[in-house]
Amino acid sequence: MAEMSGASTVVSEGNEGEKHNSIDDSGERKHKRLKCDEKDDQDFISELPDCLIQHILSFLPLTEYAIRTGILSKRWLNQWTYLPTLIFKSNGMSIDCFSDCIDNTLSFFNFWKINKFVIDSRDSHTGELRHKLIRWIRFATRRHVKELILKCETQEGDEDFIEDHDLPRLLFKNAFLVKLKTHGFIFRLREGEVNWASLKALHIGYADLPNQGIENVLYGSPVIEFLELCNCDGFEDLVIASKSLKTFRMIQCQDHTSAIEISCPNLEKLEMLGKLRFKSLKFKDLPSSVCATLNFENDICLHYLGNDKLKWVLEFLLQFQHVEELKLGPWFFMFLSLAALRGESTLLLNNKCLTVVDFCPEVAHLGLSISQLRFSLLEKLVLQLHPKERFDLDLMGSRSSTRMRKKYAELKDGVFDSLVSHLKTFEIVGLHYLWSNGGGERKDTFKFIRFLFTKARMLEKIVFVEAPGEGMIFVHKVCKKLSCIRKASPHVIVEVACLKRHDSDSDSDSDSNSDWDKVEC
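Since the structure is predicted, the reported quantities are computational estimates derived from the model, not experimental observations.

Caption draft 1: Molecular detail of the side chain of T355. Note on placement: T355 falls in strand β15 (residues 353-359). Residue classification places T355 among the buried residues on the basis of a relative accessible area of 3%. With near-sequence residues (within four places) excluded, T355 lies in contact with E325, L326, K327, L328, V382 and Q384.

As structure tokens, this is what we get:
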């Protein structure tokens, strides 16, 4: 009994110890919880350093959003006044409210320099903005602005120019400006008036460019590397002459006829897009290393195409026979198909890379049009297919399409010998556009792919680039067919890459016009 009593005593003491320990543990947990509550009460947002707060604010798309962050903390209240970026967009508000918003914001701005200054009033009725615009530009100029974007509204959408808005003259004397983008202004310039010693990128959109206006701009921009002209008017003769220019892009979506001359010995990229109705287009000192993209339409009517017009197109293409990379739009391949039907002589090209841009199989015949070209150095061929709705399928008529298919059937393999003699890479983008058609276009395209697979002895790679979905099924069927065919090159491999839609940036300098990025599977 004594032993049992002792045992019970020990147990009782143990229980009391456990109870005591549990009381201590609960007190410790309560103390920790109080400490956590104290930490939760701390204002971590206010404790952030100024440089980090300003870095966070710099990612906001509009200055007004940065101003609103003042409600988060007193520390954040005036942080936006030290941001080197000021972006103002009207977003439909009246021009008076918009201008007051800019005036009030600039009155509180404290930073000594501005890296980027944007004024976009395209969504509002512009009204009388000129005198205030001069004051805002002077404000930015005094703070050595590096990037300036000015966009004003057009009268009736994007096809008519805005009411008389001259680009302020004080802007032409700015040695710190690195990038300038304008929309809807008139460039009235005198010789020697422009002094953009640091300007490297210039975008001019929906502008009135009097004769020699762009020449004066280039003369006063000794280090300019990028020039884009988008839907500009007012000139009859356009001369692009610059020793420093590396990229020239011209986009035209409205009727305008002019003579164009380009003389840029260090040019690396040339892009001519849209609808260009020029009287003449001449190139001087065009380097062979340039990448030329010719994806535009002219006013030549295919219904009444004479031999003189066809000859003009062929002679135009000869100006690019020595460039390293050539990208041609569907307009040119329609002419090449017609040239093949009429028995015109073939063109000799020395390009290393040929890209067929936005090709529509229902309008022009790929194999027939390429049969008009002779290549001596071609190593890469890229075919970008495009849906038919972009093109006028009546331009050539159904008879021409039938004739093209019959003509292609008559061609001998020797016609394409120059195409496969040095070819190493063949890439085809958008094969899924043929998925729903199923007719002769799909068969003719596969016939062309099979020809390259069985005849190109130096071929190293065939790449199918597709968007996710049913198109991938079609691609895998094509790959399965190719696996049953004897290949000419023992080292050729077939790859499949996926297209992923990317977010477009309206103010970016990206040379890509596609809504997709290629991602390897």
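Now, onward.
Caption draft 2: Inspection of the pattern of salt bridges at higher detail. One pass over the full model with this rule turns up seven salt bridges. Put simply, E193 and R169 hold a salt bridge, and the shortest N to O gap is 2.5 Å. Here E193, found in the loop between β4 (179-183) and β5 (201-205), pairs with R169, found in the loop between β3 (147-151) and β4; they are 24 residues apart in sequence, far enough to count as distant. Residue R249 pairs with E271 through a salt bridge whose shortest N-O separation is 2.9 Å. Here R249, found in strand β8 (residues 247-252), pairs with E271, found in strand β10 (residues 269-275); they are 22 residues apart in sequence, far enough to count as distant. E271 shares its class with R249; the two are buried. By sharing partners, the salt bridges in this structure join D103, K132 and R135 into a single network.

Caption draft 3: Representation of the nonpolar core. Residues F117 and I240 are the most contacted members of the largest nonpolar core, which totals 118 residues. With seven residues, the top contributor of residues to this core is helix α9 (residues 330-341). Discounting chain neighbours no more than four positions away, the residues touching I240 are I214, L218, L227, L229, L245, F248, E261, I262, S263 and C264.

Caption draft 4: Broad picture of the packing of aromatic side chains. Taken as a whole and assessed by the stated rule, the structure comprises 15 aromatic pairs. For the pair F296 and F332, a centre-to-centre distance of 5.3 Å together with 90° between the ring planes defines the contact as edge-to-face. One end of the pair, F296, is in strand β12 (residues 291-297); the other, F332, is in helix α9, and 36 residues separate them in sequence. On the accessibility criterion, F296 (2% relative accessible area) is buried. Given a relative accessible area of 0%, F332 falls into the buried group. Measuring from centroid to centroid gives 5.9 Å for F333 and F359, while their planes differ by 90°, and the two rings are edge-to-face. Of this pair, F333 sits in helix α9 while F359 sits in strand β15, and the two are 26 residues apart along the sequence.

Caption draft 5: Spatial organisation of the pairing of β15. With respect to burial, β15 is a largely interior element, seven of its seven residues being buried. Summarising the sheet, strand β13 (residues 325-328) and β15 pair through four bridges and their orientation is parallel. Each residue of the ladder has a partner; that of L326, found in β15, is L354. As judged from the five bridges shared by β15 and strand β17 (residues 380-385), these two strands associate in the parallel manner. Considered in β17, the bridge of L354 is made with L381.

Caption draft 6: Structural detail: the side chain of E271. By relative accessible area, E271 is classed as buried at 6%. Within the structure, the side chain of E271 is placed 2.9 Å from the side chain of R249, a separation counted as a polar contact.

Caption draft 7: Empty space enclosed by the protein, seen in detail. Within this structure, the stated rule accounts for three cavities of 30 Å³ or more. Computed from the structure, the largest cavity encloses a volume of approximately 80 Å³. As for the largest cavity, its lining consists of L62, T63, E64, I67, I87, F88, K89, M93, F98, C101 and T105. Elements represented by at least two residues in the lining of the largest cavity include exactly α4 (63-68), β1 (85-89) and α5 (95-108). Across the lining of the largest cavity, the residue classes tally to seven nonpolar, two polar and two charged.

Caption draft 8: Local environment of the environment of R169. Judged by its relative accessible area of 38%, R169 is partly exposed. Considered as a pair, R169 and F187 are 18 residues apart in the sequence and their alpha carbons are 9.3 Å apart. Residues within four places of R169 in sequence aside, it is in contact with R188, R190 and E193. Engagement of the side chain of R169 in a polar contact is seen with the side chain of E193, the distance being 2.5 Å.

Caption draft 9: The environment of W80, seen in detail. Checked against the element boundaries, W80 lands in the loop between α4 and β1. The class for W80 is buried, based on a relative accessible area of 6%. A sequence separation of 26 residues divides W80 from Q54, and the C-alpha atoms of the two residues are 6.9 Å apart. Not counting residues up to four positions away in its chain, the partners in contact with W80 are L57, T63, A66, I67, T105, F108 and F109.

Criteria and cut-off values
- Residues numbered from 1 in each chain as written.
- Predicted model: local features only at pLDDT ≥ 70, side-chain atom pairs only at ≥ 80, totals over all residues.
- Heavy atoms only, no water.
- Helix = DSSP H or I, 4+ residues; strand = E, 2+ residues; numbered from the N terminus.
- Buried < 20%, exposed > 50% of the residue type's maximum accessible area, 1.4 Å probe, protein only.
- Contact = heavy atoms within 4.5 Å.
- Salt bridge = Lys/Arg side-chain N within 4 Å of Asp/Glu carboxyl O.
- Core = buried A, V, L, I, M, F, W, Y, C linked by side-chain atoms within 4.5 Å.
- Phe/Tyr/Trp six-rings, centres within 6.5 Å; stacked < 30°, edge-to-face > 60°.
- Pairing = 2+ DSSP bridges.
- Polar contact = N/O pair within 3.5 Å; in protein donor to acceptor, adjacent residues only side chain to side chain.
- 1 Å grid on protein atoms, 1.4 Å probe; cavity = no way out; pocket = protein on both sides within 12 Å on 5 of 7 lines; lining within 4 Å.
- Points joined across faces, edges and corners; volume = space filled by probe spheres on them.
- Nonpolar A, V, L, I, M, F, W, Y, C, P; charged D, E, K, R; others polar.

Everything listed here is a matter of geometry and, on its own, says nothing about what the molecule does.
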